[in-house]
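Descriptive analysis of the structure
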Amino acid sequence: MESNEPVGWGLIGASTIAAEHMIGAIRHQPGHEVVAVASSNAQRATDYARQHRIDSAYDSVAKLLADPLVQVVYISTTNELHRDQVLAAAAAGKHVLCEKPLALTLDDAQQMVRACAQAGVVMATNHHLRNAATHRRIRELVQGGVIGRPLFARVFHAVYLPPHLQGWRIDKPAAGGGVILDICVHDADTLRFILGAEPIEAIGLSHSAFLAREGLEDGVMAALRFDNGVLAQLHDAFTTPFAGTGIEIHGDKGSIVGRHVMTQQPVGDVLLRDAGGERAIAVEHESLYARGVARFCAAIRSEGEPAATAVDGLRSLATALAIAEACRTGASVRIDALRA
């Protein structure tokens, strides 16, 4: 694809995340525009298109994929629909940016990755947190040896799920609801990105406090072992409005503390603590989604890889599924075995 060729995007799913973050991020890229949206509810598609100044509205994915103006699709439907929609997009020759988790099983996710590779289209996962300036700075410090050998990590990602986002996330197991697939998968990707390492073992405990139903969980405490020896603790929830979010990486020569950083917004602070005391690390904030989309757009021009590749999505899904299995069985779960 030539860099000066106009690129049309189709939205598969008339979603909140597309409205709040992705449409603006796409339009921020020179030469890119959202030209179509598809929803199984025809009226919703029409209303959404009118509200967001999108030219075409379709009541099926097939009709959107048949639109010659659509060259790229962004998929933000419920999780159980991702596999078939990605496979259809690959068959139609469309590049794919898919929301996390990629699918509900590793077999499905692997099938999606293979289909896009065989079709010669770029597939990426919309893991936004690795695009945060805070996390990129933390990664630089960790991989630059500033805190010595990393030993431990802690992630605080317990929030209150707002009413307008509750829906299927708290009562539809078949759609991939629950806090593990919704939030733990982000923690896994963020830690993989910062540490440059892979989780290999998971343990966990979960519960349903008062939001989740139908056997889904709305809170989890989990621990991961990484292949570089780091032990990581995760606290994720839909039920805690005042917990605050953060990430900590502790090494034998120092610690890095990120506060208010597990968020969709370009906010948060990074502190470095070592023998010299505690000091703030300068961070230049920018839109997480605009940066992620920019990296994806560069990839479809054959200029490097997306910020989070399809394989990144696969591996972070493997970790979330391992945590879910550990919570279900009460036993530790080997993640490399699940990923094979």
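Check the entry above for the structure.
Let us look at the structure shown here.

Cut-offs and rules
- In every chain, residue numbers begin from 1 and rise along the written sequence.
- Where local features are concerned, this predicted model is filtered to residues with pLDDT of at least 70; where side-chain atom pairs are given and counted, the filter is 80 or more; whole-chain, interface and lining totals use all residues.
- Excluded from the side-chain calculations are hydrogens and water; all other atoms, namely the structure's heavy atoms, are used.
- To obtain each axis, a line is fitted to C-alpha atoms, and for helices this fit is confined to the stretch in contact; angles are then taken between N-to-C directions over 0 to 180 degrees.
- Numbered from the N terminus, helices here are DSSP runs of H or I no shorter than four residues, and strands are runs of E no shorter than two.
- Note on terminology: angles under 35 degrees are roughly parallel, angles over 145 are roughly antiparallel, angles of 65 to 115 are roughly perpendicular, and the others are oblique.
- Throughout, a contact is declared for two residues whenever any of their heavy atoms are within 4.5 Å.
- For this classification, Asp, Glu, Lys and Arg are treated as charged, while Ala, Val, Leu, Ile, Met, Phe, Trp, Tyr, Cys and Pro are nonpolar and the rest, including Gly, are polar.
- Pairing between strands is defined by DSSP: at least two bridges between them are needed.
- Nine residue types can take part in a nonpolar core, namely buried Ala, Val, Leu, Ile, Met, Phe, Trp, Tyr and Cys, and a core is a set of them joined through side-chain atoms within 4.5 Å.
- Relative accessibility under 20% of the residue-type maximum defines a buried residue, over 50% an exposed one, and the middle range a partly exposed one, all with a 1.4 Å probe and only protein chains included.
- Between Lys or Arg on one side and Asp or Glu on the other, a salt bridge is scored when a side-chain nitrogen of the former is within 4 Å of a carboxyl oxygen of the latter.

**Focus: the packing of helix α5 (residues 106–119) against helix α10 (residues 310–329)**
Relative to each other, α5 and α10 sit at 180°, their axes nearing to 10 Å. Between α5 and α10, the angle falls in the class roughly antiparallel. Touching Leu 106, Ala 109, Gln 110 and Val 113 of α5 are Ala 310, Leu 314, Leu 317, Ala 318 and Leu 321, all from α10. Taken together, the residues of the contact of α5 with α10 break down into eight nonpolar, one polar and no charged.

**Some details on the sheet that holds strand β7 (residues 150–158)**
Spatially, the nine strands line up as an open sheet ordered β14-β13-β12-β11-β7-β10-β9-β8-β15, and their pairing is mixed. Edge strands, defined here as strands with exactly one partner in the open sheet, are β14 (277–281) and β15 (333–334). Across six bridges, strand β12 (residues 254–259) lies against strand β13 (residues 269–274) in antiparallel orientation. Bridge pairing in β13 links Ile 256 to Leu 272. The sheet contacts of helix α8 (residues 179–195) involve β7, β8 (199–207), β9 (219–226), β10 (231–237) and β11 (246–251), and relative to β10 the element is tilted by about 150°.

**Structural notes on the nonpolar core**
Trp 9, Leu 11, Leu 191, Ile 249 and Ile 323 are the most contacted members of the largest nonpolar core, which totals 104 residues. It is α8 that provides the largest number of residues to this core, a total of ten residues. If we skip the residues at most four places from it in the chain, Leu 11 touches Ala 18, Ile 23, Ile 26, Val 34, Ala 36, Val 37, Ala 38, Tyr 48, Ile 54, Leu 64 and Tyr 74.

**Notes on the pattern of salt bridges**
Here the structure, examined in full by the defined rule, presents 25 salt bridges. Residues Arg 192 and Asp 312 are paired through a salt bridge, measuring 3.1 Å at the closest nitrogen-oxygen approach. With Arg 192 in helix α8 and Asp 312 in helix α10, the pair connects residues that are 120 residues apart, well separated along the chain. Like Asp 312, Arg 192 is buried. The salt bridge involving Arg 315 is made with Glu 198; its shortest N-O contact spans 3.4 Å. One end of the pair, Arg 315, is in helix α10; the other, Glu 198, is in the loop between α8 and β8, with 117 residues separating them in the sequence. On the basis of relative accessible area, Glu 198 is assigned to the buried category, the value being 14%. By sharing partners, the salt bridges in this structure join Arg 130, Asp 189, Arg 192, Glu 198, Asp 312 and Arg 315 into a single network.

**Brief notes about the sheet that holds strand β6 (residues 123–125)**
One open sheet holds the six strands; their spatial order is β3-β2-β1-β4-β5-β6, and the pairing between them is parallel. What marks the edges here is a single partner per strand, and that holds for β3 (56–58) and β6. Averaged over neighbouring strand pairs, the angle between their axes works out to 25° when direction is ignored. Pairing between strand β5 (residues 95–98) and β6: three bridges, direction parallel.

None of the figures reported here should be taken as evidence of function without further support.
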